[in-house]
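Listed below are the residues making up each chain.
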Amino acid sequence: MERERQQKLEEQEEIKRLRKELIPKAQLMPYFDRPFVPRRSEKQPTVPREPKFCIPRHKTIRCCRMSCNDMSGPSQLQHLPSSVEKTEALYKNRGLQ
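Residues numbered from 1 in each chain as written. Predicted model: local features only at pLDDT ≥ 70, side-chain atom pairs only at ≥ 80, totals over all residues. Heavy atoms only, no water.

With that settled, consider the overall build of the protein. Assigned secondary structure in the protein consists of 4 helices and 0 strands. Across the protein, helices and strands are ordered from the amino to the carboxyl terminus as α-α-α-α. With 97 residues in all, the protein has 2% of them scored as buried. Carbon and sulfur atoms make up 56% of the accessible area of the protein, which amounts to about 11100 Å² in all. (Helix = DSSP H or I, 4+ residues; strand = E, 2+ residues; numbered from the N terminus. Buried < 20%, exposed > 50% of the residue type's maximum accessible area, 1.4 Å probe, protein only. Areas by Shrake-Rupley, 256 points an atom, 1.4 Å probe, with all protein chains shown as cover.)

Structure (structure tokens):
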């Protein structure tokens, strides 16, 4: 009986302590008197690459009338311009090149 009471008191104290820890505390204000100068990144820049237009067989839509072979065959992909060709065509149309 005494042990149960002692254990219950310990649990209540533990609950009080945990609740006290959960109280949000104020954050310090940042210093604005010094100007912020960002450091230059040490990572290498990313290299752009062409998107892959062919769809893998396991990712095709099954209800499609055209099969994956029909869509991704070499004859179908030859007429698709790359992003570089599209950009060059836009520049030519606008007279920028």
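So that's the structure; there's more coming.
Here we take up the environment of R49. Along the chain, R49 falls in the loop between α1 (2-21) and α2 (68-72). When the C-alpha positions of R49 and S83 are compared, they lie 9.7 Å apart, and in sequence the two are 34 residues distant.

Right, let's get into the confidence of the model for the protein. The predicted model of the protein averages 77 in pLDDT, with 74% of residues at 70 or higher. Here helix α3 (residues 74-78) stands out as the least confident element of the protein, with mean pLDDT 50; α1 is the most confident, with 91. (pLDDT = per-residue confidence, 0-100.)

It is possible for side chains bearing opposite charge to pair when their charged atoms get close. If you walk through the whole model with that rule in mind, you get 4 salt bridges. Here R5 makes a salt bridge to E2, at a shortest N to O gap of 3.9 Å. Taken as a pair, R5 and E2 lie in helix α1 at a separation of 3 residues, close to a single helical turn. Across the pair R34 and D33 runs a salt bridge, and its minimum N-O distance is 3.9 Å. Judged by its relative accessible area of 63%, D33 falls in the exposed class. By sharing partners, the salt bridges in this structure join E14, R17 and E21 into a single network. (Salt bridge = Lys/Arg side-chain N within 4 Å of Asp/Glu carboxyl O.)

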